[in-house]
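Read off the chains here:
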Amino acid sequence: MVSGFIAILGKPNVGKSSLMNALVGEKVSIVTPKAQTTRDKILGILTDADSQMVFVDTPGIHAPQSKLDDYMSKCVSSATDDVDAVVIVLDATKKLTDSEITFIEKHLRRPSPVYVVINKTDLVSYEKIYPMLSKLAYLTREDGKRGAIKEIIPTSCRTGENVELLKRYLKGELVEGNCYFDPDEITDKSERYMICEIVREKALLFLQDEIPHGIGVYIQTMVYDGGLANIDVDIICEKESHKAIIIGEKGSKLKTIGSRARADIEKLLGTKVYLKLFVKVRDDWRNKGNVLRDIGYDK
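Okay, so let's go over this structure. Just so you know, the residues in each chain are numbered from 1, in the order the chain's sequence is written. Local features are withheld for residues below a pLDDT of 70 in this predicted model, meaning they are given only at 70 or higher, and side-chain atom pairs are given and counted only at 80 or more; totals for whole chains, interfaces and linings count all residues. Where side-chain values are given, they derive from all heavy atoms of the structure, hydrogens and water being excluded.

1. Here's the deal with the packing of aromatic side chains
(1) Moving on: Note on aromatic contacts: the rings of Phe and Tyr and the six-membered ring of Trp form a pair at centre separations within 6.5 Å, being stacked when their planes are under 30 degrees apart, edge-to-face when over 60 apart, and tilted otherwise. One pass over the structure, following the stated rule, counts three aromatic pairs.
(2) Moving on: Ring centres of Tyr-115 and Tyr-169 lie 6.1 Å apart, and the angle between their planes is 35 degrees; on these two criteria the pair is classed as tilted. A residue pair is termed long-range when its members are at least 10 positions apart, and Tyr-115 in strand 5 (residues 114-119) and Tyr-169 in helix 5 (residues 163-171) qualify at 54 residues.
(3) Moving on: Judged by relative accessible area, Tyr-115 falls into the buried class, the value being 3%.
(4) Moving on: Three exposure classes are used, based on accessible area relative to the maximum for each residue type with a 1.4 Å probe and protein chains only: buried under 20%, partly exposed in between, and exposed over 50%. According to the relative accessible area criterion, Tyr-169 is partly exposed, its value standing at 29%.
(5) Moving on: Residue placement shows Lys-189 over the ring face of Tyr-193; its charged tip is 4.7 Å from the ring centre. Numbered from the N terminus, helices here are DSSP runs of H or I no shorter than four residues, and strands are runs of E no shorter than two. In this scheme, Lys NZ or Arg CZ marks a charge over a ring once it lies within 6 Å of the ring centre and within 35 degrees of the ring normal.

2. Remarks on the pattern of salt bridges
(1) Moving on: What makes a salt bridge here is a side-chain nitrogen of Lys or Arg within 4 Å of a carboxyl oxygen of Asp or Glu, nothing more. Under the criterion given, the structure shown has 15 salt bridges.
(2) Moving on: Ionic pairing is found between Lys-135 and Asp-98, a salt bridge with its closest N-O pair at 3.8 Å. Remark: Asp-98 occurs in helix 3 (residues 98-108) and Lys-135 occurs in helix 4 (residues 126-136); sequence separation between them is 37 residues.
(3) Moving on: Look at Lys-135 and you get partly exposed, because its relative accessible area is 33%.
(4) Moving on: Linking Glu-173 and Lys-150 is a salt bridge whose minimum nitrogen-to-oxygen distance equals 2.6 Å. Placement of the pair is Glu-173 in the loop between helix 5 and strand 7 (175-176) and Lys-150 in the loop between helix 4 and strand 6 (151-154), with a sequence separation of 23 residues.
(5) Moving on: One network of salt bridges, in which partners are shared, links Lys-27, Glu-201, Lys-202 and Asp-264.

Okay, here's the thing in structure tokens:
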């Protein structure tokens, strides 16, 4: 049996969570078009007959501007501790930046092997990808101060292009040892955590751009009553004006978020769900330790 940990890193909205979900074959991490959707370090676990790969999904790399951002940055830093491989994800639809190259070089100076994934290839032509490959070429050779990229792999999480190939490469980095998790586990997160993430995902999908980063979600109560789960969830925002937008005219927006979330939560729990959503204002909550602790972002 071989096993190991693989960190997935990159800038916001390059498709890290989509890649982990594709590798695991299950929706472990929420996915939206909004940057910085992932706020926590989340494990996705893939176990087969002779191996267990534990993928570590991380928040997007960005300059911290609040206590919540500080927490997210710590998640990124700790994700690379003692991992067996690092996957750095780039976005094929965007120009490769100097900061991304510097980030790759930094990890090439560390012991873990580095793979670079150019994601979203279904959205661009090869002519768009070629300049990225050319710019990365020198990093495929060691120079004495750093190692070399093991492989550069163009992928599409939507079509599945090269996902199995990447999986085979990463399996080769695993080491002999026991499984870290039970074979039927696909993540380290609790049901309560996953429920909050589902609600947050639906809110991100249905709300305007200026609101999502000011939203937090946590469960007030969760009680099983026979074949029904009664769940009360608080959605935390920073302004009264945002609260009105989240609720929508005659509660329409909140009802949409709730109905979409309930359907996914029922799939997660395998039972009927009665979900109630409450919107509360907590001014500047992203800089308040007590609120961050309630939501689970200050450990």
